[in-house]
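Report on the structure
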Amino acid sequence: MAIPEEFPISRRGLLAGGAVSVAAVSAAGSPDARAAVEKAPSRPPTARVAFHVNNTAHELELDTRTTLLDALREHLRLTGTKKGCDHGQCGACTVIVDGRRINSCLSLAVMHDGDKITTIEGLGLPGNLHPMQQAFVEHDGYQCGYCTPGQICSAVAVLEEIKAGIPSHVTADLSDPPSVTRPELRERMSGNICRCGAYSNIVDAIVDVAGVKA
Amino acid sequence: MKFDTPATNNPIDQLKVVGKPTNRIDGPLKTTGTAPYAYERHDVVPNQAYGYVVGSAIAKGKIDSIDLKEAKAAPGVLAVVTAASAEMLGKGDFNTAKLLGGPEIQHYHQAIALVVAESFEQARAAAALVRVQYTRAKGNFDLATSLDGAVKPPAVFGTEPDSRFGDFDAAFASAPVKLDARYTTPDHSHAMMEPHASIASWDGDRLTLWTSNQMIAWSAGDVAKTLGIAKDKVRLVSPYIGGGFGGKLFVRSDAILAALGAKAAGRPVKVALPRPLMINNTTHRPATIQRIRLGATTDGKLTAIGHESWSGDLKGGGPETAVGQTRLLYAAPNRMTAMRLAVLDLPEGNAMRAPGEAPGLMALEIAIDEMAEKLGMDPVAFRVLNDTQVDPEKPERPFSQRRLNECLSIGAEKFGWKDRNPKPGLARDGRWLVGTGVAAAFRNNINEKSAARVRLDRNGLVIVETDMTDIGTGSYTIIAQTAAEMLGVPLTQVEVRLGDSLFPVSAGSGGQWGANSSTAGVYAACAQLRTAIVEKLGLDPADAVFEKGRVRLGGKSVALAKAAGGGEIVAEDLMEYGDLAQRFQQSTFGAHFVEAAVDAATGEIRIRRMLAVCAAGRILNPKAARSQVIGAMTMGAGAALMEELAVDKRFGFFVNHDLAGYEVPVHADIPSQEVIFLDEVDPTTSPMKAKGVGELGICGVAAAVANAVYHATGIRVRNYPVTLDKLLDKLPDVA
Ligand code: FES
Ligand code: FES
C-alpha cells in the first residue's frame, strides 16, 4: 500500500514528505524558542503538600507533575502500590483516599493536601494480615502478585461501597440496596486487571471476607 | 545427577509435603505489597537516577540526525544515550532486532534514546524534547499479502518446518468426508501487569542489574554480549517478576539502556518501559494464517490430516510453530504439516504462553468440531475415536502417558455434556442464545537441565539457592515443598532464594518446563546434601531416613541442627537428562468445556461456565497448579473473544498499544472456573514424576469458546477474535 503524501510522523513534530523520505520540522524550531529553552530554570516548579498515609503525617515538597502514585512509590518509598500503566487503564495503583478507592496514577499528589490515604501497607503487613489479604492467600487470589495490592485495596473498598448502598451497572433494581453477589463483585472489580487471570479466585476471596453465600 | 532410567520409589513419593495444596510461601509478601519488584529496589543502591526511553516514530528506515540540544538543556537532565553515543553495541543471541536502534531502524518504537534525569518527571519531559529526523523506507507489514514470498524456515529448536507420513494427497483426495478450511489468528501481546523494568549499577567494570526476567542465565549472557563485556562481570537479580508469559524470556531495552544510562550518568539508573511503548518495543505472539485439511471415513476415522501455517517475523526471526501439535494429537495414517515464514517489518515476533500450540489449537480444534458435525458425530466421541497411544509419525515411539480420552469423558460427565442438543442455534434462555463447546488441550513436556545449591545451617534451617524464577507460577513454594520432603523438615524450616545469577543455573521459567525441571534440580542437590549429612555423622547413607527434622539410621537419631552444629553443610548438584524424552513422547493433555451465551439482538458474547480437565503427571501443588490453569483459561478466553493487535499496514505498527486499546479479560468477563487434575505420575520425566501445566491450560480454550459460540448461534467464525461484528448480520431474526 502506498504511503500517503502527508502524514505526521509523531508527537515530536515531524512531517512525512514523500513516499520513502521524510523531512523534519522541529516543533520548537525558531532560534528564539531555542534560546528560551536553553534559559529554562534548572529546578522545576514545586509545591508543598501535606497528607496522612497509613496514619502517618507526611509533608513533601514535590515537582507539581508528580502523581500521587509516584509520591508514594518514589518519595515515600511505599512501593506496595504498583504502576502497571500510569494511564488509568489497569487499577494496579489503586489506593483508598478518604474512604474511596482511586487510581493514584491519575491524580496529582498536590491535589491531596489534607487527605487520608490508605495503601496496601496500611491494610496489613506480614504477620498481621488484613482479613482480605489473608483471604487472598487462602484462595490463591494472585499469581505474579503485581496486580494484587490494587485488587485488595479495591476489594476492601468495594465491600464498603455495597454496604453504603452505592449501585453499579449490574444492580438490577436501583430502589433496593445492592447486595454482595458475584456479578456485583465482578462488575465493580473490573477496573482491576489481572493478566495472570486470578479472577475466579479473587472473587472467591472477596465472597469469603463478605461472609455471604454468593 | 543424571536421569536416564524411569524413576522408581524415592523420598518424594512419601507426599508428606509435595502434592499438598499448600498456600504460597510468598503470599504474605505479595498480598502486603512487600515483595520487591525490579523498579522498587530503593534498598539496593543509593542515588538512583531515572531513565526514560524514546522510541522510533518510524517502522523501517534510518535516523538522519538526532538533535539533543533541548533535551540536554532541560531541567535535571544528567545524560542522554543514543546508539551514536553508546559504544558499538552487539546483539544478544535471543534477540532478533537490536535493543537500541540507530541509525538503522528495524521496527516501530524500537528504542533510539534514553534520557537520564534526577527525577522521573524531568526525564519524561526531556524525552519529549529529543528531535529526530528520519528517512522512512518502504516496509512489508501485511501477512495476508505476503504469503507468496513466504519461505520454508530453518528448524526451530530441532523441529523441522515440514513433516510427511503416508500419502496425504491421495488419502485426502479419496476421503469420503472432507474438510478444507482456512483460519486466522491475530497478533497477541503478553500485556503482563509489571512493565519491563531494570535498575543498573556499575562498580568499576562490574554491572549489576535488578531486573524482571524469566531466564537469568540466558539473559546474563545476552546482557554481556550486547554490551561487549565478559559474562562474569554481569550480575542479574530478579527475585519477583510481575508476569512474563514469554515476554520476559529475553533481555529487553530497559536493561540495556539502564546499563548504558548508568555508565553515562556515572550513577545508578532505573528504567521502566512506559506502558504505551511496551507493545511495539518488545515482542508479541505473531499472527498466523492456517489451512487445515481433514479426511475421514463415513464412520468417523480420520484418514488424512494436513495442517499448514504461515506467519511473519523480522528478517532473521522464526515462525510461529502452529502445526506442532497436529503431528501428535490425532491418529491418521496419512499426514502432512508445513510452516512458511514471511519477512515482516513489524515488531519482533517471539514466544508467548504456549507458542505454537496456542494459535495452532485455536484453528485445529475448530476444524475438528466442524468435521465432527459433517460426520454427524458428537465432538467428544469423534476425538475419542481418533485417539492414538503412539507418536503417529513414529509409531514405534509410545507416549509416556496419554489420558486424553479420560480427560474428555470425565469432563463431559462433569459438565453435563450428554444433555446437549447436537443441532446448533436451538437453545434459548430469554434473549440469550446458549451453546456449549469442547476442545482438546495438548502441550509437550520439556525437561531442561537445572542446578541448585542447598545449605543446612546450624539452626537446622534448609536454604535453597538456584537462579530459577517465580513469575507467578509458584516456584518458591514447590521448591520449598521439594526440599522439605527430601530432608524431612516442615515447610517453615525451608528458605528459598531465587532469581540471582550468583546462584546455580536452573531451567528458568519458560515452555512450562520450570516446575518439573527446577524441582528435579533441587531434588538432585538435596540428595547430595543427604549424603553429606550422613557422611558427616560417619554413617552409611544407604538407609538413612530423614523425618521430623532428624536423620535416623538404625538405632541412631540425630537432629539436623546438631548435624550441622560444627558448621553449615552445603551441597550442589545438577539434574540432567538421558534419552527418555526421545524414547517416549512426553506430553500433557486436557479437555476444555465452555458454555457461552450470545445476545440474540446485539451479538454480545458472555462466557457462562468453564471447565478444564488436565492430565499432566504429578501435580506438585494442586492449589498453585490450579491457578496456573485458570489463569491460562482466562488468557484463552481473551484470545477467543477480544485480543487482537490491530496492524497499521501503511505505517507498520500495532495501533492499540496500551491496556485501553489492547483489551484483555477483566473480572466481568470471567465466570467461576473449574479445574480437575487426573491423579497421575509420569516416571519418565524426572524423579518428581511431574510435567508442566502453565501452558497446557491455554491450549484449546479459545477453540472451545468459538465452538460454543457456533453451537449457540449456528454461525462459524474462523477468524479470531470472535467478536460480535462477525455475528451480527447472520444472527437469527429477533421476533
Ligand atoms: S497504574 Fe494506575 S491505572 Fe494502571
Ligand atoms: S497476579 Fe499477576 S497480574 Fe494479577
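Being a predicted model, the structure only gives us computed values, none of them experimental. (Residues numbered from 1 in each chain as written. Chains lettered and ligands numbered in written order. Predicted model: local features only at pLDDT ≥ 70, side-chain atom pairs only at ≥ 80, totals over all residues. Heavy atoms only, no water.)

**Describing the overall build of chain A**
If you tally the helices and strands in chain A, you get 7 helices and 8 strands. Classification of the 214 residues of chain A by burial places 52% in the buried group. For chain A, long-range pairs separated by at least 24 residues make up 48% of all intrachain contacts whose partners lie at least 6 apart in sequence. Of the roughly 9300 Å² of accessible surface on chain A, 55% is carried by carbon and sulfur atoms. (Helix = DSSP H or I, 4+ residues; strand = E, 2+ residues; numbered from the N terminus. Buried < 20%, exposed > 50% of the residue type's maximum accessible area, 1.4 Å probe, protein only. Contact = heavy atoms within 4.5 Å. Areas by Shrake-Rupley, 256 points an atom, 1.4 Å probe, with all protein chains shown as cover.)

**Concerning the overall build of chain B**
A tally of regular secondary structure across chain B gives 16 helices and 30 strands. Here the C-alpha radius of gyration of chain B, 27 Å, is about what a compact globule of 735 residues would show, namely 27 Å. In terms of overall dimensions, chain B has a C-alpha envelope of 80 × 75 × 50 Å along the principal axes. For chain B, buried positions account for 66% of its 735 residues. (Rg over C-alpha atoms; globule rule 2.2 N^0.38 Å.)

**Considering the packing of helix H8 (residues 357–375) of chain B against helix H16 (residues 701–713) of chain B**
Residues and elements named next belong to chain B. At their nearest, the axes of H8 and H16 sit 8 Å apart, and the two run at 35 degrees to each other. The chirality of how H8 crosses H16 is right-handed. For the pair H8 and H16, contact is made by Leu 361, Met 362, Glu 365, Ile 366, Asp 369 and Glu 373 and by Ala 702, Ala 703, Ala 706, Asn 707 and Tyr 710, respectively. (Axes fitted to C-alpha atoms, helices over the stretch in contact; angles between N-to-C directions. Left-handed = near helix turned anticlockwise from the far one by under 90°.)

**Structural notes on the sheet that holds strand E14 (residues 288–296) of chain B**
The pairing of strands in a sheet happens through backbone hydrogen bonds and is either parallel or antiparallel. Residue and element names in this part refer to chain B. Across the sheet, 5 strands lie side by side as E8-E16-E15-E14-E9; this open sheet has mixed pairing. Across the chains shown, the open sheet's two edge strands, defined by having one partner strand only, are strand E8 (162–165) and strand E9 (177–185). Across this sheet, the average inter-strand angle for adjacent strands is 10 degrees, counted without regard to direction. When E9 meets E14, the two strands line up antiparallel, connected through 9 bridges. Considered in E14, the bridge of Ala 181 is made with Ile 292. (Pairing = 2+ DSSP bridges.)

**Things to note about the sheet that holds strand E4 (residues 46–53) of chain A**
Residue and element names in this part refer to chain A. Spatially, the 5 strands line up as an open sheet ordered E5-E4-E8-E6-E7, and their pairing is mixed. Whereas interior strands pair on both sides, the edge strands pair on one side only; in this sheet they are strand E5 (56–63) and strand E7 (100–103). Neighbour-to-neighbour, the strand axes of this sheet turn through a mean angle of 40 degrees, independent of strand direction. Note that E4 and strand E8 (residues 116–118) share 2 bridges and pair parallel. Opposite His 52, over in E8, you have Lys 116 as the bridge partner. Docked against the sheet, helix H2 (residues 68–75) engages E4, E5, strand E6 (94–97), E7 and E8, running at close to 105 degrees with respect to E5.

**With respect to the pairing of strand E4 (residues 77–82) of chain B**
Residues and elements named next belong to chain B. Most of E4 is tucked away: 5 of the 6 residues are buried. Two strands pair when backbone bridges link them, and E4 and strand E6 (residues 111–117) are joined in this way by 5 bridges, in the antiparallel orientation. In the strand pairing of E6, Thr 82 is matched with Ala 113.

**Regarding the interface of chain B and chain A**
Facing the 84 residues of chain B at the interface are 76 residues of chain A. Carbon and sulfur atoms supply 56% of the area that chain B and chain A bury against each other, a total of about 6800 Å² over both sides. At the boundary of chain B and chain A, one finds 5 salt bridges. Measuring nitrogen to oxygen at the nearest pair gives 2.9 Å for the salt bridge that ties Glu40(B) to Arg73(A). (Buried area = accessible area lost by both parts, 1.4 Å probe. Salt bridge = Lys/Arg side-chain N within 4 Å of Asp/Glu carboxyl O.)

**Digging into the domain arrangement of chain A**
Residues and elements named next belong to chain A. We note that the domain assignment places domain 1 (45–123) and domain 2 (124–214) within chain A. The C-alpha centroid of domain 2 is placed 21 Å from the C-alpha centroid of domain 1. Taken together, the 17 residues of domain 1 in the interface contact 18 residues of domain 2. For the pair domain 1 and domain 2, the summed buried area comes to about 1500 Å², and 58% of that belongs to carbon and sulfur atoms. The largest per-residue losses of area from domain 1 upon contact with domain 2 belong to Arg 101, Ile 120 and Leu 123, which jointly make up 43% of the total buried on that side. Counting across the domain 1 and domain 2 interface gives 1 salt bridge. Measuring nitrogen to oxygen at the nearest pair gives 2.9 Å for the salt bridge that ties Arg 101 to Glu 161. Linking domain 1 to domain 2 there are 10 residue pairs in polar contact (both at pLDDT 80 or more). Those elements that place two or more of their residues in the side of domain 1 that touches domain 2 are E6 and helix H3 (120–123). Of the residues in the side of domain 1 that touches domain 2, the class split is 5 nonpolar, 7 polar and 5 charged. (Domains from an automatic or database assignment. Polar contact = N/O pair within 3.5 Å; in protein donor to acceptor, adjacent residues only side chain to side chain. Nonpolar A, V, L, I, M, F, W, Y, C, P; charged D, E, K, R; others polar.)

**Things to note about the domain arrangement of chain B**
Residue and element names in this part refer to chain B. By domain assignment, chain B separates into domain 1 (2–35 + 448–578), domain 2 (38–138 + 194–281) and domain 3 (356–445 + 586–730). Taking only C-alpha atoms into account, the centre of domain 1 sits 35 Å from that of domain 3. Listed per partner, the contact involves 31 residues of domain 1 and 26 residues of domain 3. Buried area between domain 1 and domain 3, both sides added, is near 2100 Å², and the carbon and sulfur share of it is 55%. One can count 2 salt bridges joining domain 1 with domain 3. Two residues, Lys 689 and Asp 13, come together in a salt bridge whose shortest N-O distance is 2.8 Å.

**Digging into the pattern of salt bridges**
This model, assessed by the stated rule, comprises 62 salt bridges over all chains. Two residues, Glu74(A) and Lys270(B), come together in a salt bridge whose shortest N-O distance is 2.8 Å. In this pair, Glu74(A) is assigned in helix H2 and Lys270(B) in strand E13 (residues 269–272), connecting two distinct chains. Like Lys270(B), Glu74(A) is buried. The partner of Asp387(B) in a salt bridge is Arg402(B), with the nearest N and O atoms 2.7 Å apart.

**Points about the pairing of strand E11 (residues 206–211) of chain B**
Residues and elements named next belong to chain B. For E11, the buried fraction is high: 5 of the 6 residues fall into the buried class. Strand direction decides the pairing type here: strand E10 (residues 197–203) and E11, joined by 6 bridges, are antiparallel. Bridge pairing in E11 links Ser 201 to Thr 208. Hairpin connection, E10 to E11: the antiparallel pair is bridged by 2 residues, and Gly 204 has positive phi, about 65 degrees. Across 4 bridges, E11 lies against strand E12 (residues 234–237) in parallel orientation. The residue of E12 that forms the bridge with Trp 210 is Val 237.

**As for the packing of aromatic side chains**
Residue and element names in this part refer to chain B. This structure, assessed with the given rule, holds 15 aromatic pairs over all chains. Aromatic side chains Phe 94 and Phe 250 sit 5.9 Å apart centroid to centroid with 20 degrees between the ring planes, which places their arrangement in the stacked category. One end of the pair, Phe 94, is in the loop between E4 and strand E5 (104–105); the other, Phe 250, is in the loop between E12 and helix H6 (253–265), with 156 residues separating them in the sequence. Plain terms: the ring middles of Phe 168 and Phe 172 are 5.6 Å apart, the flat faces sit at 10 degrees to each other, and that makes the pair stacked. Separated by 4 residues within a single helix, Phe 168 and Phe 172 lie in helix H4 (residues 168–174), roughly one turn from each other. (Phe/Tyr/Trp six-rings, centres within 6.5 Å; stacked < 30°, edge-to-face > 60°.)

**Some points on unusual backbone geometry**
A cis amide bond, omega -10 degrees, links Gly102(B) with the succeeding residue Pro103(B). Of note, Pro103(B) is situated in the loop between E4 and E5. At Arg77(A), a position not held by glycine, the phi torsion is positive, near 60 degrees. With respect to the element layout, Arg77(A) can be found in the loop between H2 and E6.

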